[in-house]
Structures are given as C-alpha cells and as structure tokens.
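Structural description and commentary
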Amino acid sequence: MSKRKVPIQMPAPTVPQALLVDIRALIESSRQRTTAVVNSELTLLFWRIGRRIHTEVLAGQRAEYGEEVLFNVATQLTRDYGRGFAEKNLRRMVKFASTFLDEQIVATLSRQLSWSHFVMLLPFKDPQQRDYYAQMASVERWSVRTLSERIESMLFERTALSRQPDAMISQELATLRNRQRMSPSLVMRDPYILDFLGLQDTWQESDLESAIIREMESFLLELGAGFTFVARQKRIQLDGEDFHLDLLFYNRKLGRLVAVELKVGEFKAAYKGQMELYLRWLDRFEREPTEASPLGIILCAGKKAEQIELLELNKSGIHVAEYLTALPPREVLVERLQQATARARLLIEQKVSL
C-alpha cells in the first residue's frame, strides 16, 4: 500500500517592512488630503447657503415672512439631507456669511480651519480679535481644542499687538494674512501664564529656571509661535568676566535669537543695561548673517510702567512682561488687560500729539 504524499508547506514570503511603511504613508497622506478637501468644500457650502438665505430671505423688509421661509427651508432640507440642516444650523450659516463677508478669505482659511473652528469664532464682536484668532489658527494649524484654550487664556489681549492703535493692528493682521509673516508684536505677550510650573509660596530665580526647564514643552507653548530652546545659562565672556544669560531661544517665525532673563521681583531700570549687553554680544558673536537682530524678554513678577516707558525699551528690542504663576479669575485678568491696553494706547496718542 503506497503512502500518501503530504504536500510540503512553503513558508509565507516575508513582507518587506520598508514597503509596508511606504504604502501606509501613501494611504495616510491620501486620507488627510481627502479630509482637507471635504472639509474645505463643506465650509464653503455652509457659507454659500448662509449668504443665499441672508440676501434673499432674511434681508427683506418682511421679517415674519423671512422667518417662516427659513423654517420651511430647514424642514425640507432636514427631511432630504439630515439634521445638519436644521433651523439652528441654518441660522449659524447665516451668521457665518454675515460675519465673514469675503468668500476668498473663507476659501483660504478653510484649507486649514474646519467648520468647528469657524463656529468658535462667530461669537466675537471685535473683528480684529476674530481675525487674529482666525489667522493664527490657520498659520499655526491649531486644533479646535487649542483654539479654545488660546481664546480662554485671552491670548489676543495679552499680545503686544492688542495695545497698538487700530490701524496698526489691521496692518499687522493683513501682513500675516497675505504674506504669512509674523512680527514681534504678534509673538510677544504680557502677562505670560506660567501656572503649569507648580511654584508654591516663595522661590528663587534658580527655582523658576529649573521649573521652566522641567516643563519646557508647556513653556514653549506659552511663549508662542515658532520658539525653539537653544541654551540654559548661556556663558558670555567679556573682559575676562563671565556673564550667564538665563535662557536662549530661537524663533523660526521671526528669524532671530530671543534672550530671556528671569526675575523674581519687580522690574528694575538696571535690567535694561544687562539685557542690552547680552543682545549686543549675541548680535556680534552668535547671529547668523541671514538672521534679524536678537530680541530680549525680561520676565518679572511685577512691572514699573513709568520706568519702562521712559527707558523706551522697545527701541532696544527689549520686551518686559509679567508672569503669573497662577491663573487669576477671568474677570480679574480681563480688568488688568483692559487697563494695560488703555494705558498703552494713551501713551501712543500722547507721543503722536507731541
């Protein structure tokens, strides 16, 4: 009796890992592009629907008639296409079209921002404030959650830009929108919220510095767009004497080094000379030919507004800002920022009138 031949099992061919990685990358890239296109088309669709309803229905003289038509349109569209076109959402689309008037700007922003981003921006009554968050979210590719956090922390109100005259704010935002180029006033903030450092009671400058190094990722996010850590206690030698700069960063958006000095107490006039020395040394020995002149940030527990004004620190590329180790109640922060903005604008008006 002959024995049955057992078929020989051939080992399965191994899949080259490099091939799998490349194919997965192609799939993910295609998915992301498809999602971006769909998102952009949906956002433009909502804007166009809102514009049609606003111009052809709600803008008429008979408000009651317009409201009735809107209700009937929503009822029919909901039956045909689902709850996404309910009356509440149609009203939101109308608000969208009447808030963002330029279709081309919407088309450009929608390449980076989702419908949820725009919905979050609709409540703003100040067009410059709304434009700031829209442009920054687009340039920095903020998620909806990040945009919400930036709004909650009153980022716009804490920028140096917000203390400028309205014409200057509009000009800076137009430059950001048209050229994707940031200025120091868009990046610099006051105050900086450092509640993530976990500092309690009293501390020394070394404690503050160590806490920042420990929480560097959070600190970079609070510093703003484009910051990269370079060095801690940067050694500077002059006339046989050693000086140490607390923290050194590079900002890709500004194309320049940024020196940071940490102070436990309130601002003192002597800090200006110290920072100017550091900036001039960096300009001579560290700056690359393609870079702009270095900037300095002096972080203090408190500011002396009159001293800072008389010293004209902005002419030296120095920004003085407070830091808060605990986030105050929103109403307190609002009041402080409103007072700072009013004081800064008053000083600008006084200089112009001289």
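The structure reproduced in this document is the subject of the present report. Since the model is a prediction, treat every value here as computed from it, not as a measurement.

1. Topic: the overall build of the protein chain
In terms of regular secondary structure, the protein chain is built from 15 helices and six strands. For the protein chain, the spread of C-alpha atoms along the three principal axes comes to 95 × 90 × 45 Å. Within the span of the protein chain, comprising 354 residues, buried residues form 40% of the whole. For the protein chain, long-range pairs separated by at least 24 residues make up 62% of all intrachain contacts whose partners lie at least 6 apart in sequence. One way to put it: in the protein chain the 49 positive side-chain charges average out to a point 8 Å from where the 46 negative ones average out.

2. Details of the pairing of strand 2 (residues 227–238)
Bridge analysis of strand 2 against strand 3 (residues 241–251) gives 10 bridges, and the strand direction is antiparallel. Within strand 3, the position partnered with Arg 232 by the bridge is Leu 247.

3. Side note on helix 13 (residues 270–285)
Every α-helix winds through 3.6 residues per turn, so residues three or four apart in the chain are directed the same way. Under the 1.5 Å per step criterion, the end-to-end length of helix 13 is 23 Å for 16 residues, consistent within 8% with the ideal 22 Å. Taken together, the buried positions of helix 13 are Tyr 271, Lys 272, Met 275, Glu 276, Tyr 278, Leu 279, Trp 281 and Leu 282. Those residues of helix 13 that are buried lie in contact with strand 2, strand 3, strand 4 (256–262), strand 5 (295–300), helix 14 (305–311) and strand 6 (318–324).

4. Quick look at the pattern of salt bridges
A complete count under the given rule lists 20 salt bridges for this structure. In this structure, Glu 266 and Lys 304 form a salt bridge, with 3.5 Å as the shortest nitrogen-oxygen distance. Taken together, the positions of Glu 266 in the loop between strand 4 and helix 13 and Lys 304 in the loop between strand 5 and helix 14 put the pair 38 residues apart, joining distant regions of the chain. For the salt bridge of Glu 312 with Lys 315, the shortest nitrogen-to-oxygen distance reads 3.2 Å. Since its relative accessible area comes to 31%, Glu 312 is described here as partly exposed. Residue class for Lys 315 comes out exposed when judged on its relative accessible area of 63%.

5. Quick look at the environment of Phe 118
Relative to the helices and strands, Phe 118 is located in helix 5 (residues 115–121). Under the relative-accessibility criterion, Phe 118 is labelled buried at 0%. Excluding anything up to four places from it in sequence, Phe 118 contacts Thr 43, Phe 96, Phe 100, Val 106, Leu 109, Ser 110 and Leu 113.

6. Structural notes on the sheet that holds strand 2
Sheet strands pair by backbone hydrogen bonding; their relative direction is either parallel or antiparallel. Read across the open sheet, the six strands follow the order 1-6-5-4-3-2; overall the sheet is mixed. Whereas interior strands pair on both sides, the edge strands pair on one side only; in this sheet they are strand 1 (192–193) and strand 2. As paired elements, strand 3 and strand 4 share five bridges and run antiparallel to each other. Across the sheet, the residue bridging to Asn 251 is Arg 256, located in strand 4.

7. Section: the environment of Gly 224
Structurally, Gly 224 can be placed in the loop between helix 12 (216–223) and strand 2. Once the C-alpha coordinates of Gly 224 and Leu 155 are considered, the two residues, 69 residues apart in sequence, prove to be 9.6 Å apart.

Quick notes on the rules
- Residues numbered from 1 in each chain as written.
- Predicted model: local features only at pLDDT ≥ 70, side-chain atom pairs only at ≥ 80, totals over all residues.
- Heavy atoms only, no water.
- Helix = DSSP H or I, 4+ residues; strand = E, 2+ residues; numbered from the N terminus.
- Buried < 20%, exposed > 50% of the residue type's maximum accessible area, 1.4 Å probe, protein only.
- Contact = heavy atoms within 4.5 Å.
- Lys, Arg positive; Asp, Glu negative; His and termini not counted.
- Charge placed at Lys NZ, Arg CZ, Asp CG, Glu CD.
- Pairing = 2+ DSSP bridges.
- Expected span 1.5 Å × (residues − 1).
- Salt bridge = Lys/Arg side-chain N within 4 Å of Asp/Glu carboxyl O.

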